[in-house]
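Structural description and commentary
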Amino acid sequence: MVNALSLIPPLLAIALCFATKNVLMSLFAAIVAGSVIGNGWNFIAPIIDTYMVNGIKSNTSVIVGMLFLGMMLSFIRRAGGYKGFAEFCQKKLNSERRTLISTFWFSCCLFISGYLANLCLPRVMRVPARENRMPIMKVPMIITSVCSALSTMTPITMYILFFSGLIVSAVEGYDGMTLYISSIPFMFYAIVSLIFAAGYAYGLIPDIGPVRRLTAGVKAEELDIFGRKTGDETNEENDLSIFRGPETPSDVWALFAPVIGMVAAIVILSLANGSIVVNPAFLVGAAVAAVYALAKKAIRFADVSGLMIGGVRDQAGLLCILVFAYAFGQIVSELGFNAFVVEIVGNNFSAGVVPLIAFVICCIISYGTGSLSAAAVIVFPMAVPLALATGAPIALTIGACVSGSHFGDLSSPVSDNIIMPSEAAGISPVELSRALLPYRLIQAVICCVAFFAAGCAMA
């Protein structure tokens, strides 16, 4: 009975997201409903003491990294980095196509730090989007399709440690990293997402569904780049506020220097530690941004602490949504949503369809929870041993699990990979999810066909 009731929180969250376009309140309603199901009348205390606290514990590195990233972005803005980059974009990106192509390649360059791409690129691309009468939504559509996909397919990020650990825990006597690397060619969803991003940026894939209607409204000047009715002055003020006032200098190196320092820190610290190190690089990036701003006399030493606090404050809204999203992930896992989906979908199948079933189950779980890790953690320990027992291709099965986990992570309105770039772009995560969904469903169908064909051919 509890397993069946575990469907209520994710279905409620998704339904309310699309009905109200308010992710925070939708998550809160789902958390309350889940706590009532799991704890009865004593449902209030666990919301804070159990679900939120455990959610924060499980994602402490993300939260701390975002705090330092917020500080870095605050120094960059004050030193004129955003303004300099916006002026560069205004001169060079004089068409929608150039703006989207640049977004694609900037995302490829910044994929190792997805948080930076998610939080920085949508902000600085607002100016060329406005100049070219282009919906800003198209920028995070490309970013979400590139960064996470490249991160999983490139064996120099934390994903290889996460997934190889799951493989080793699922089957003994195998080299997790070797198996993970062998599965990269079968990560069909990541591959298709990259192809979509490139095709969309270069104009080979057309606008469909909500984004087509939005584009028509923006081109007709009935809507602004955020999808709101034109004539609302607050929209333009919010757009330009990221560059501060006319007294702010224009210095593109105030942006490039911290980013270069951060990427160099990732490489050096990872080599020194013998494992992937990302979060300390945000500290290095913040320090470089502060030192550069001081050296250029864009700020005084007395301004440093205020800018640090301001940078954290700028992330408060996003952090609040993420804390609720993490608590939501905790509660659906505790109620047994993942196991229930596996039990319903995963019974009675042959070796040839094991990868396809693994992909479908991961799609359902990842969309319902908005979490790549939630789907992977529950399905890997079942799918990998099942592949070995039935003779299904193990590398293909691993690729299917990773692909299915990507589906919800790159489409669900409660996923941090949807929430972060949409909030940075100044649009609703629900609107971004709605715009992406037709493309994501097409990608999922392509992957289903690919996994079924490959599974039958390789079994």
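Since the model is a prediction, treat every value here as computed from it, not as a measurement.

Concerning the overall build of the protein
- Across its full length, the protein carries 25 helices and zero strands.
- The long-range share in the protein, meaning contacts at least 24 apart out of those at least 6 apart in sequence, stands at 76%.
- For the protein, the computed accessible surface area is about 18,300 Å², with 66% contributed by carbon and sulfur atoms.

Brief notes about the side chain of Thr99
- Position of Thr99 relative to the elements: it lies in helix H7 (residues 96–109).
- Ignoring any residue separated from it by four or fewer positions in sequence, one finds Thr99 in contact with Leu93, Met125, Pro128, Asn132 and Met134.

Structural notes on the pattern of salt bridges
- Under the definition given, this model contains four salt bridges.
- Note that Glu96 is salt-bridged to Lys219, the shortest N-O span being 3.0 Å. Within this pair, whereas Glu96 is found in helix H7, its partner Lys219 is found in helix H14 (residues 210–219), the two being separated by 123 residues in sequence.
- Given the relative accessible area of 43%, Lys219 is considered partly exposed.
- The closest approach of N and O atoms between Arg300 and Asp303, which form a salt bridge, is 3.4 Å.
- Using a relative accessible area of 57% as the deciding quantity, one classes Arg300 as exposed.
- On the basis of relative accessible area, Asp303 is assigned to the buried category, the value being 16%.
- Here the salt bridges share partners, and the residues they tie into one network are Glu96, Lys138, Asp207 and Lys219.

Here's the deal with the state of the cysteines
- What the rule picks out here adds up to zero disulfides.
- No disulfide involves Cys447; its nearest neighbouring cysteine sulfur is the one of Cys448, lying 7.3 Å away.
- Residue Cys447 is classed as buried on the basis of its relative accessible area, which comes to 1%.

Re the confidence of the model for the protein
- Per-residue confidence for the protein gives a mean pLDDT of 82; residues scoring 70 or more make up 86%.
- Model confidence for the protein, summarised as mean pLDDT per element, is weakest for helix H15 (residues 233–240) at 48 and strongest for helix H13 (residues 188–201) at 95.
- A low-confidence stretch, residues 233–240 (pLDDT under 50), is modelled with eleven contacts involving residues beyond four sequence positions or located in other chains.

Some points on the packing of H7 against H13
- At a minimum axis distance of 8 Å, the contact between H7 and H13 shows a crossing angle of 155°. Judged on the interaxial angle alone, H13 and H7 are roughly antiparallel. For the pair H7 and H13, the contacting residues are Arg97, Leu100, Ile101 and Phe104 in the first and Leu194, Ala197, Ala198, Tyr200 and Ala201 in the second.
- For the contact of H7 with H13, the per-class residue count stands at eight nonpolar, no polar and one charged.

Rules used in this analysis
- Residues numbered from 1 in each chain as written.
- Predicted model: local features only at pLDDT ≥ 70, side-chain atom pairs only at ≥ 80, totals over all residues.
- Heavy atoms only, no water.
- Helix = DSSP H or I, 4+ residues; strand = E, 2+ residues; numbered from the N terminus.
- Contact = heavy atoms within 4.5 Å.
- Areas by Shrake-Rupley, 256 points an atom, 1.4 Å probe, with all protein chains shown as cover.
- Salt bridge = Lys/Arg side-chain N within 4 Å of Asp/Glu carboxyl O.
- Buried < 20%, exposed > 50% of the residue type's maximum accessible area, 1.4 Å probe, protein only.
- Disulfide = S-S within 2.5 Å.
- pLDDT = per-residue confidence, 0-100.
- Axes fitted to C-alpha atoms, helices over the stretch in contact; angles between N-to-C directions.
- Parallel < 35°, antiparallel > 145°, perpendicular 65-115°, else oblique.
- Nonpolar A, V, L, I, M, F, W, Y, C, P; charged D, E, K, R; others polar.

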